Amino acid sequence: AADIPDDISEVLLTEEQIHEKLAELAQLVVADYAGKEVVLVGVLKGAVMVMADFARHLPRHITMDWMAVSSYGASTRSSGVVQIRKDLDTDITGKHVLIVEDIIDSGLTLSWLLENFASRGAESVEVLALLRKPDAMKVEVDCRYVGFDIPNDFVIGYGLDYAEKYRNLRDVAVLAPHVYS
Ligand code: PRP
Ligand code: MN
Ligand code: MG
C-alpha cells in the first residue's frame, strides 16, 4: 500500500489488535493468579511496550522488575549466548513470577531465563509472550500466555528492534529484506 514506508513489507498486527489481545490475556492472568502476589519480570528492552500496556490491566498489588539480557546484539540472528546486562533488583524466592516478553524466536533466551529463575527458588515461573515464531524455535519453551503465533519473518515495532531502531512503531510489522540483506 502507498502509505507503508519502503523499509516495511507489511503490517502484521495493528496497535488495536495488540491492545485487544493484551486485555484478553490480562483477564486470564487475573483469574489464574487470584489471591496470589505476582511479580512481573519484563525482559529489557523489547518487552517495555508489552509490559506497559499489559500491566495496566492488572490489579494494583502486582510488582514489576526488569532483567536485561542479550542474545542478538546488532545481528538479526540469535547467537544463543545469553548475557545478563542488568539483573533483578528484587529477591524472587517464594514469589510467583510471570516473565513478560515481546517475542519467542529461537526460545533460547527464555529457556535460559526459566532455568535461571527456577534456581533462585521462585514459587512459580510462567511466561507471557506477545509473539511466538513456531517455525524458528530451537528449544521447547513452556509459554502459558501467548498473544500471536506468527510466521518466521523478521518483525519490528511495539518494542521489537532491528539494530535498536523501530521499537517505537505502534504496530508490529515485517521488516523489508532489503534493509538487512
Ligand atoms: C529479542 C527479543 C527476545 C529475544 C527472543 O531480544 O526481545 O527477548 O530476542 O529471541 P530468542 O527466542 O531467539 O532467544 P534481544 O536479544 O534482541 O534484545 P532486546 O530485547 O533488547 O531487543
Ligand atoms: Mn528482548
Ligand atoms: Mg533485539
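Each remark here, short or long, concerns the structure printed above.
Described below are features of the structure shown in this document. Predicted model only: the values in this text are computed from it and were never measured.

**Here we look at the overall build of the protein chain**
Step number 1: If you tally the helices and strands in the protein chain, you get four helices and nine strands.
Step number 2: Tracing the protein chain from N to C terminus, the helices and strands come up as β-α-β-α-β-β-β-α-β-β-β-β-α.
Step number 3: Against the 2.2 N^0.38 benchmark of 16 Å for 181 residues, the protein chain shows a C-alpha radius of gyration of 16 Å, consistent with a compact globule.
Step number 4: Considered along the principal axes of its C-alpha atoms, the protein chain spans approximately 50 × 35 × 25 Å.
Step number 5: Residues counted as buried form 30% of the 181 residues belonging to the protein chain.
Step number 6: Nonlocal contacts in the protein chain, meaning residues at least 24 apart in sequence, comprise 66% of its contacts between residues at least 6 apart.

**Remarks on the environment of Glu123**
Step number 1: Considering the arrangement of structural elements, one finds Glu123 in the loop between helix 3 (108-119) and strand 6 (124-132).
Step number 2: C-alpha of Glu123 to C-alpha of His57: the two residues are 66 residues apart in sequence and 23 Å apart in space.

**Quick look at the sheet that holds strand 9 (residues 172-175)**
Step number 1: Pairing is antiparallel in the open sheet, where three strands are placed in the order 1-9-8. Edge positions in the sheet fall to strand 1 (8-13) and strand 8 (155-156), since each of these pairs with one other strand and no more.

**Regarding helix 3**
Step number 1: Taking 1.5 Å of rise per residue, the 12 residues of helix 3 would be expected to cover 16 Å, and the 17 Å separating its terminal C-alpha atoms lies within 8% of that figure.
Step number 2: Among the residues of helix 3, Thr109, Leu110, Leu113, Leu114 and Phe117 are the ones counted as buried. The buried side chains of helix 3 occupy one side of the element, clustering within an arc of 125° when seen end-on. Exposed and facing more than 90 degrees away from the buried side of helix 3 are Glu115, Ala118 and Ser119.
Step number 3: In the core, the buried residues of helix 3 are packed alongside strand 3 (63-70), strand 5 (96-104) and strand 6.
Step number 4: Phi turns positive, to about 80°, at Gly121, one or two residues after helix 3.

**Remarks on the sheet that holds strand 2 (residues 38-44)**
Step number 1: Spatially, 4-3-2-5-6-7 is the arrangement adopted by the six strands of the open sheet, whose pairing is mixed. Two strands close off the open sheet at either side, each with one partner strand: strand 4 (83-86) and strand 7 (145-149). Geometrically, the sheet is characterised by an average inter-axis angle of 30° between neighbouring strands, direction not taken into account.
Step number 2: Of the strand pairs in this sheet, strand 3 and strand 4 are connected by three bridges, and their pairing is antiparallel. Looking across to strand 4, one finds that Ala68 is bridged to Lys86.
Step number 3: Running at roughly 155° to strand 2, helix 2 (residues 48-55) makes contact with strand 2, strand 3, strand 5 and strand 6 of the sheet.

**Some remarks on the nonpolar core**
Step number 1: One finds Val97, Leu98, Ile99, Val100, Leu128, Val155 and Val172 to be the most contacted residues of the largest nonpolar core, which totals 42 residues.
Step number 2: When contributions to this core are tallied by element, the ones reaching two or more residues are helix 1 (15-32), strand 2, helix 2, strand 5, helix 3, strand 6, strand 8 and strand 9.
Step number 3: For Val172, the contacting residues outside a window of four places in its chain are Leu12, Leu13, Ile18, Leu131, Val155, Gly157, Tyr158 and Leu160.

**Considering unusual backbone geometry**
Step number 1: In this chain, Leu44 is followed by Lys45 through a cis amide linkage whose omega measures 0°.
Step number 2: The residue Lys45 is located in the loop between strand 2 and helix 2 in this model.
Step number 3: Within the chain, Tyr158 stands out as a residue other than glycine whose phi angle is a positive 50°.
Step number 4: If you trace the backbone, Tyr158 turns up in the loop between strand 8 and strand 9.
Step number 5: Backbone geometry places Glu164, a non-glycine residue, at a positive phi of 75°.
Step number 6: The topology assignment puts Glu164 in the loop between strand 8 and strand 9.

**Quick notes on the environment of Ala47**
Step number 1: Its place among the elements puts Ala47 in the loop between strand 2 and helix 2.
Step number 2: On the basis of neighbour count, Ala47 is assigned to the buried category, with 25 C-beta atoms found within 10 Å.
Step number 3: A sequence separation of 120 residues divides Ala47 from Arg167, and the C-alpha atoms of the two residues are 10.0 Å apart.
Step number 4: Ignoring anything within four residues of it in the chain, the contact list for Ala47 reads Gly42, Val100, Glu101, Asp102 and Gly159.

How each quantity is defined
- Residues numbered from 1 in each chain as written.
- Chains lettered and ligands numbered in written order.
- Predicted model: local features only at pLDDT ≥ 70, side-chain atom pairs only at ≥ 80, totals over all residues.
- Helix = DSSP H or I, 4+ residues; strand = E, 2+ residues; numbered from the N terminus.
- Rg over C-alpha atoms; globule rule 2.2 N^0.38 Å.
- Buried ≥ 20, exposed ≤ 12 C-beta atoms within 10 Å, placed from the backbone.
- Contact = placed C-beta atoms within 7 Å.
- Pairing = 2+ DSSP bridges.
- Expected span 1.5 Å × (residues − 1).
- Arc of directions from axis to C-beta.
- Axes fitted to C-alpha atoms, helices over the stretch in contact; angles between N-to-C directions.
- Core = buried A, V, L, I, M, F, W, Y, C linked by C-beta atoms within 7 Å.

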